[in-house]
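# Chains, contacts and geometry: an overview
Each chain, letter by letter, is given below.
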Amino acid sequence: MNYTFDFSVLLGNFGPLFEGLQTTLLLALGANVLGLTFGFVVCLMAMASLWFLRLPAKLFIEFFRCTPVLIQVVWFFYCVPILFNVFFDPITMGILALGLNLIAFNAEAYRAGIQAVPKEHHDACVALGLGPWNKTVHVIFPQALRNAIPVLMTNGITILQQSALVAIVAVADLMYAGKMLATDTYRPLEVFTAVAVIYFLMSLPISQVVTFLERRQDASVER
Amino acid sequence: MNMSFEFLRVFSYWDVLLNGLGITLLFTIGAAIVGTLLGFVISLMRVAPSRFIKWPARLYVEFFRGTPMLIQLFWIFFCLPLILGQDIPPYVSVMLSMVLFMAAITSETFRGSLKSISGEQHDACVALGLNFRVKAINVIFPQALLRSIPPLMSNVVSLFKESALISSVGIADLMFVSSNISSSTGRPVEFLTAAAVIYFVVAFPATRLVDLIEKRFLIRFA
Amino acid sequence: MNTEENINEQKAENAIKHQGFLGSKPLVEFKGVTKRFGDTCVMDEMDLQMREDDRLVIIGPSGSGKSTLLRVLMGLEPIDKGEIHFDSKPYVSVDSKGRTQTDLATRSKVGMVFQHYTLFPHLSVLGNMTLSPVKVHGMGRSEAEDRAREYLGRLGMEDKLNSYPGKLSGGQKQRVAIARALMLEPKLMLFDEVTSALDPEMVAEIEKVMLDLAKQKMAMMIVTHDMYFAKKIATESVFIAGGKVVEKCDPEIMFNEPKEERTKDFLNKVLHLK
Ligand SMILES: Nc1ncnc2c1ncn2[C@@H]1O[C@H](COP(=O)(O)OP(=O)(O)OP(=O)(O)O)[C@@H](O)[C@H]1O
Ligand SMILES: [Mg+2]
């Protein structure tokens, strides 16, 4: 190895990276807000007994879970303006594209959480004379949410990482800023390493929390 | 909407798209095989008694799971040649990055199934006087492997989807050819949609198959 | 019933032994065994003896350490103090550094059946039964398979030889688990609530298997909540609570006129619940 590192390029150019980081955080945050709220709505639709609610929701979920995020993002950026004749600023587009993906994955996480509530609890609610509303709101949802939280958080980190894809359609996020800086300074090694470390440091605390939660849930199941 | 779409034009590029799919599948399957083997080794390293083996493995997994695959790909594509002081052919660096991605997620899968084998099974091994070798080879591993099959297949589907990224460094996979055709013909709606549908047509049945195996087949043996 | 008679006969014989007419060797001896889980002391300097071809039933309140006692004897749990002798030879002891030493050759003379069967789901019935004899004890495969066939035959299950555990009923699984433990011809069998997870009809099925074993003079230590079965199979019974042996005597005495207040309380509670 005869490469000489020069991490000083980073110090001089921290501004663009920091701006990119802000965009990345905005994208991840926006997508998560969409995903957590509408994900729940889509989950309820997918579990509804009415076919005209259930079918579109299921199709939506399966389609977004079974195609690459990259093609979803590219499709959204190129085709939505043509098809619907609407134009948003790139960040809004990015949030929407990533949000749609996260809605599908979170809907699935909520569904799994609901189905993991033991059947006996449904029966117990009947035995206790709880109506459908009370049963759902006070017994099923709280437990389902508890089951789903680790997966929802993991999905949240995943979308933070997937947000790097918007760099390919020229949204100025952290990845994009890194790419630009690497080309401008001819220092890809330092810049890309720094960018990777920044992404890693953002997801590390959340993934630690997830590990902790999962361990706690495992322990409580054993009892 | 006053646009007209010519979805039929997709069919005149059918062979190009299929070629792209072929490249995508080639990289996916190759990386899946090598990555699974590497992932298995990593999962064993992570349960090793020595921390000099355990910690590097853990760091590797956490890092690859905690960063976007795009940056991993770029790093290997642009930076690794600088470190090695030697050119790396694009298909090699792309393959390497997919293998490392697959190995990281797969090692977690194996570790999960190793951990999921209940304490009672370990007790039964003691009660039957099984030694460590027999316990590992005949009792724990076969069960862990069986339980890993469905999540392993899901990992391959994930890898298949993530493989679209390799288009960004110029590998002519399905994503690459479809976006190329869409810009050269000026018809993104037709060709990007077609590509999405092709990805879906491959991935969706695969996910159904995973479910089927989980519900019908494994329930009997694991 | 033939079995019943036989058992009563044997009980009488054991009673005589008990009074020292026929000397019989001790099989298991706990000597001041202490076992703690963190702050809870589950076995507190416990002393307990069991003679050869005794069938010792262990009763006690939930959480009194019955399972722990069996697990310690199986070598599944380390102990904090004391020692256990098996067949008059040291078996489990604690060394100067506080580590538990278990004699592995002796351990293979003890077999155990668990509440939840713990069959290996990826192996057939035959695979489950022959694994240890073939892989660890160097028995020829065909010999092991013959023996497995014979044992399963005795339990009326030859036809399930190639089935997988997932396809068996609870009672069938537990029979296979018993047969699997017997394959190694242990000198002592431990049963920890082996009928607790079963439907009532299957309980009778498993109890019959255990009574048959009793007829063949197998030494057994049995933890059960079924006091009627306990009375039927036991040649000796012990009540444990608070980490100590509270009372150890003939089952006739234990279940009819126990001496200790705590035993009386416990038996009153469980027998009246029935
Ligand atoms: N692995 C463990 N870690 C910590 N505490 C334990 C463990 N195993 C058992 N204990 C504690 O030791 C005590 C005795 O447990 P044990 O399972 O031996 O009781 P038991 O008599 O078999 O009860 P039951 O009739 O309910 O089966 C209990 O207080 C239990 O909480
Ligand atoms: Mg118990």
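Fair warning: this is a prediction, and the values are worked out from it, not measured in the lab.

### Here we look at the overall build of chain A
Helix and strand content of chain A: nine helices and zero strands. Mapped in sequence order, the helices and strands of chain A form the string α-α-α-α-α-α-α-α-α. In terms of principal-axis extent, the alpha carbons of chain A reach across some 70 × 50 × 25 Å. Buried positions account for 45% of the 223 residues belonging to chain A.

### Focus on the interface of chain B and chain A
At the interface, 37 residues of chain B touch 37 residues of chain A. Across the chain B-chain A interface, the total number found is eight residue pairs in polar contact (both at pLDDT 80 or more). The greatest single-element share of the side of chain B that touches chain A, amounting to 12 residues, is contributed by helix H9 (residues 188-221) of chain B. Its residues placed into classes, the side of chain B that touches chain A shows 25 nonpolar, six polar and six charged.

### Details of the UniProt feature "transmembrane region" (unreviewed entry) in chain A
Residues and elements named next belong to chain A. As recorded in UniProt, the sites labelled "transmembrane region" (unreviewed entry) are residues 25-51, 63-84, 90-110, 151-171 and 191-213. Split by type, residues 63-84 is 86% helix and 0% strand. Its first and last C-alpha atoms lie 20 Å apart. As annotated, residues 191-213 comprises 100% helix and 0% strand, and the C-alpha atoms at either end are separated by 34 Å.

### Digging into the sheet that holds strand E1 (residues 26-37) of chain C
Two strands in a sheet stick together by hydrogen bonds in their backbones, pointing the same way (parallel) or opposite ways (antiparallel). Residues and elements named next belong to chain C. Strand order in the open sheet formed by five strands is E2-E1-E4-E5-E6, with antiparallel pairing between adjacent strands. Each end of this open sheet is capped by a strand with a single partner; those strands are strand E2 (40-51) and strand E6 (100-102). Shown here is a sheet whose adjacent strand axes are inclined to one another by a mean of 15°, direction ignored.

### Remarks on the pattern of salt bridges
Under the criterion given, the structure shown has 25 salt bridges over all chains. Across the pair Asp54(C) and Arg51(C) runs a salt bridge whose closest N-O atoms are separated by 3.3 Å. The exposure class assigned to Arg51(C) is buried, which follows from its relative accessible area of 15%. Several salt bridges share partner residues, and in doing so they unite Asp123(B), Lys35(C), Arg71(C) and Glu77(C) into one network.

### Quick look at the environment of Thr102(C)
Residue and element names in this part refer to chain C. On the secondary structure map, Thr102 appears in strand E6. The class for Thr102 is partly exposed, based on a relative accessible area of 25%. Put simply, Thr102 and Met74 are 28 residues apart on the chain and 9.6 Å apart in space, counted from C-alpha to C-alpha. If near-sequence neighbours (up to four positions away) are discounted, Thr102 is found in contact with Tyr91, Val92 and Arg107.

### A short note on the interface of chain B and chain C
Listed per partner, the contact involves 20 residues of chain B and 25 residues of chain C. In total, about 2,000 Å² of surface goes out of reach between chain B and chain C, with carbon and sulfur atoms giving 68% of it. One can count one salt bridge joining chain B with chain C. The partner of Arg71(C) in a salt bridge is Asp123(B), with the nearest N and O atoms 2.6 Å apart.

About the thresholds
Residues numbered from 1 in each chain as written. Chains lettered and ligands numbered in written order. Predicted model: local features only at pLDDT ≥ 70, side-chain atom pairs only at ≥ 80, totals over all residues. Heavy atoms only, no water. Helix = DSSP H or I, 4+ residues; strand = E, 2+ residues; numbered from the N terminus. Buried < 20%, exposed > 50% of the residue type's maximum accessible area, 1.4 Å probe, protein only. Contact = heavy atoms within 4.5 Å. Polar contact = N/O pair within 3.5 Å; in protein donor to acceptor, adjacent residues only side chain to side chain. Nonpolar A, V, L, I, M, F, W, Y, C, P; charged D, E, K, R; others polar. UniProt positions renumbered as here; feature names shortened; annotations may be inferred. Pairing = 2+ DSSP bridges. Axes fitted to C-alpha atoms, helices over the stretch in contact; angles between N-to-C directions. Salt bridge = Lys/Arg side-chain N within 4 Å of Asp/Glu carboxyl O. Buried area = accessible area lost by both parts, 1.4 Å probe.

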